[in-house]
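Commentary on secondary and tertiary structure
Here are the chains, one letter per residue:
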Number of protein chains: 2
Amino acid sequence: MTSPALEPVSLIIQGAWVLTMNREREVFSPGAVALKGAEIVAVGPPAELRKRYAPAQVLDYPQGLILPGLINAHTHAAMALFRGLADDLPLEEWLNEYIFPAESRLNGDFVYWGAKLAVAEMLLSGTTTFTDMYLFADHVARAAAETGIRAVVGEVLYDFPSPNYGPPAAGLQFSEDLCRAWQDHPLIRVAIQPHAVYTCSPELLQQCGELAAKYNTRLIMHLSETLKEVQDCQGRYGATPVGHLYRLGLLNHRLLADHAVVLSVADRMLLAASGAGVAHCPESNMKLASGIAPVADLLRRGVPVGLGTDGCASNNNLDLIQEMDTAAKLQKVHCMDPTVLPAPAALSLATCGGARVLGLEKEVGALAPGLKGDLIVIDLDQPHLTPLYDPYSHLVYAATGADVQTVLVNGRVVVQDRRLLSFDLAETLARARELARGLLAKKVGNLTSRLG
Amino acid sequence: MTSPALEPVSLIIQGAWVLTMNREREVFSPGAVALKGAEIVAVGPPAELRKRYAPAQVLDYPQGLILPGLINAHTHAAMALFRGLADDLPLEEWLNEYIFPAESRLNGDFVYWGAKLAVAEMLLSGTTTFTDMYLFADHVARAAAETGIRAVVGEVLYDFPSPNYGPPAAGLQFSEDLCRAWQDHPLIRVAIQPHAVYTCSPELLQQCGELAAKYNTRLIMHLSETLKEVQDCQGRYGATPVGHLYRLGLLNHRLLADHAVVLSVADRMLLAASGAGVAHCPESNMKLASGIAPVADLLRRGVPVGLGTDGCASNNNLDLIQEMDTAAKLQKVHCMDPTVLPAPAALSLATCGGARVLGLEKEVGALAPGLKGDLIVIDLDQPHLTPLYDPYSHLVYAATGADVQTVLVNGRVVVQDRRLLSFDLAETLARARELARGLLAKKVGNLTSRLG
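Note that this is a predicted model, so its numbers are computed, not measured.

As for the relation of the copies chain B and chain A
Expressed as a screw transformation, the operator carrying chain B onto chain A has a rotation angle of 180 degrees and an axial translation of 0.0 Å, and the superposed copies differ by an RMSD of 0.0 Å. Here the two chains are linked by the operation of a two-fold rotation axis. Nearest to the rotation axis, the C-alpha of Ala402 of chain B is located 3.2 Å from it, this being the minimum over chain B.

Structural data, given as structure tokens:
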């Protein structure tokens, strides 16, 4: 009797635990994932997978916790170069005296290196997909493609001239060109990203909606981030920001609303009925004192919710593992109920929830056959993760991004044993320091620095 | 002309930055600290110190940020062995079904290894002093002394029999013996630690107060942690917990109140007038849905405030750098004001603030001549800390405990380049896993486990 022929696969990765985050929330301990090129072909006990597959390579983490790569549903990656430039200030002063003057000097080179700096941080801390809204989005896309991370990018659009594309009218064409340029890339998606209801005319918003429909992509924008935004919108349009989008015919499954902090009950009902998603950014909302988004309530109403860090100027890091922790704890104290947003639900926000709000649930957000090989390994052999009773709890409440050991995107090992393999970290850090010195030398806005 | 003789010192440690946290909040860049044995003799620019001192050893961190070791003002170290045992539960169920049954099985060996596990995590994440309230406090003291961390320990006292000292009456004698046993140790202090107003009779509290006065040490207890505690106290004693202590003559500079979440304006005025300190534990208060302590208001009123993680069953880590971040952000959103608790103020809580509430301000909490050599080095050469505009901002908002590179306690290098030097980490992790398996085998309370 001969054993049946084994199916060749490119890689089997195995660990003490696999959290699949699939529909059944299966957990394997020990567990393994088999990959053929960019795709997952099987997930299960290592012994079973080794009976069926002949792997070209095996990665074995006897103390590793394997889970889907994390999905950052909202950030401005290149703002990594502005991290710590200005903190603890009133919002208007922060924007007008620091952030806007700094951004007025932007160019493609700055955005490219800022995005690479952010990608280094994101990959090393377990993020395998990020959703970016910024200027010079073509350079963000290039940085992501070169560094091997998955990204949904979009050029920020508003009623003012842009240092990138020039007059407002050129923004839509720029976005359309971007959609076409990247439409066949395995890692990059382009979304249409008007900035907000207070910076975009109803006409621009509607044109954005049409473009998103034409390219079958997401319409992503800041929405109901602060009470001031809501009050101004009501004064100007006689409707809340959510109501305003509803009237404009833009409240549908294509919409991804960033922040969604200040929501009336009617807003929540409209969101739930529409199929639109929300990108929850708790740390940014806390640091800028915007408020606390009613995420537990939105989830109860069936609104799809992902998790975002926002940019580094208002967080100030891109660590989604810390963000899950904050999201869970903040909802508990907000609702005065320790049972809301338990650890598995917090992890859902950063995995399958993020995939859903981006329309990527058939590609990423879980470990299952047919999905892409985006996964991460947490190193459990550490005092703050020992002993282990519940892997979800350790991941959300005790771990940080620094516990990420190995990262795969699209089946490619981009971080191994905490070393970045897909691009030159030292060069990126050196360029980042150089660009920061240049920014300070220009004495932009109120910038002062203790930088040596 | 001969140069003057250089004064011999044991160590000069230098880095890109030194944040002294002294009264003037001096910052040196680059900066250095000179130590003679356990004591700091000078802080300043490296060139100046090298002109005055001949060091036996030099530690040079060209990309390092040097600051005082962090002070954990409230924890239950041995609960590191319960981390992740039960989360996301209503408080009563969590306590009665999981924590109390688990604690009823405690013994000195469990507490000793649990404390060592916690010390490993604390030292590696930059904590050099911790304040512990637990059972078998003699074993906590022994674990701290052996591992080379500074600690304020205390046996938890209440009106019930204890698995350690037996009948309630024996608790005071146990505490007094503990005070005597450790009174000459360079690292260990003993405080008197009644559990709370709802578990201790007025008589026990007063006896505790007398004992604290006799040994000139702190009286440390949970106070006003939840609304239920306040309401029950009002029902039973006709006063808030703060008012109750005031009537008992216990509200004075010796008191360190853990949590202090639910405070009336009168409570805040009483606290401020008394000189008592507060240990703020924001992550535990969020996770257990206790509420948000009015820390910005307490600071405005002049109440000394330190920062605590609480135990690992309700946080679930001992990382004070993350706790500073949460403390700052939580106050901002609580007050709806992004300017409250700016980064330097958050760092004060975990350094000089902690020293002050413990009465240790003449020993630790800042880098200044005459203080003890408790200091840590943050490794700035990382993507999430590059570029650097403001070291306070990076430390509080972007770093975590994993960025701690080197740690000195009492002039001794206990962590160097992220390796624990003062005790055997592998042995500690192995014993922790073994004790966890034993706990689960006993099927204590509702314990179920996915532990392999």
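Points about the side chain of Asp87 of chain B
Its location among the elements puts Asp87 of chain B in the loop between β6 (70-75) and α2 (91-104). For Asp87 of chain B, the side chain forms a polar contact with the side chain of Asn316 of chain B, separated by 2.9 Å. Apart from residues no more than four positions distant in its own chain, Asp87 of chain B is found in contact with Ser393 and Tyr397 of chain A together with Lys287, Ala313 and Asn316 of chain B.

Some thoughts on the pattern of salt bridges
If the charged atoms of two oppositely charged side chains come close together, the side chains can form a pair. Residues and elements named next belong to chain A. According to the stated counting rule, one finds 42 salt bridges over all chains in the structure shown. Of the charged contacts in the structure, one is a salt bridge between Lys372 and Glu39, with a shortest N-O distance of 3.9 Å. Taken together, the positions of Lys372 in the loop between α13 (343-357) and β15 (375-379) and Glu39 in strand β4 (residues 39-44) put the pair 333 residues apart, joining distant regions of the chain. Taking the relative accessible area as the measure of exposure, Lys372 reaches 22% and is therefore partly exposed. Glu39 gets classed as partly exposed once you look at its relative accessible area, which sits at 34%. Among the charged side chains, a salt-bridge network with shared partners connects Arg150, Arg189, Glu363 and Asp374.

Comments concerning the domain arrangement of chain A
Residue and element names in this part refer to chain A. Once the domains are mapped, chain A shows domain 1 (7-68 + 366-420) and domain 2 (70-357). On a C-alpha basis, the centres of domain 1 and domain 2 stand 28 Å from each other. Facing the 27 residues of domain 1 at the interface are 31 residues of domain 2. Of all residues in domain 1, the largest losses of buried area upon contact with domain 2 belong to Met21, Val396 and Tyr397, amounting jointly to 27% of the total for that side. Taken together, the connections running from domain 1 to domain 2 amount to 1 salt bridge. A salt bridge links Asp374 to Arg150, with the nearest nitrogen and oxygen atoms 2.7 Å apart. Where domain 1 meets domain 2, there are 5 residue pairs in polar contact (both at pLDDT 80 or more). At the level of secondary structure, the elements contributing two or more residues to the side of domain 1 that touches domain 2 comprise β5 (53-68), β15, α14 (391-398), β16 (404-409) and β17 (412-416). No other element matches the 5 residues that α14 contributes to the side of domain 1 that touches domain 2. Of the residues assigned to the side of domain 1 that touches domain 2, the class counts are 18 nonpolar, 4 polar and 5 charged.

What counts, and at which threshold
Residues numbered from 1 in each chain as written. Chains lettered and ligands numbered in written order. Predicted model: local features only at pLDDT ≥ 70, side-chain atom pairs only at ≥ 80, totals over all residues. Heavy atoms only, no water. Least-squares fit on C-alpha atoms with pLDDT ≥ 70 in both. Helix = DSSP H or I, 4+ residues; strand = E, 2+ residues; numbered from the N terminus. Polar contact = N/O pair within 3.5 Å; in protein donor to acceptor, adjacent residues only side chain to side chain. Contact = heavy atoms within 4.5 Å. Salt bridge = Lys/Arg side-chain N within 4 Å of Asp/Glu carboxyl O. Buried < 20%, exposed > 50% of the residue type's maximum accessible area, 1.4 Å probe, protein only. Domains from an automatic or database assignment. Buried area = accessible area lost by both parts, 1.4 Å probe. Nonpolar A, V, L, I, M, F, W, Y, C, P; charged D, E, K, R; others polar.

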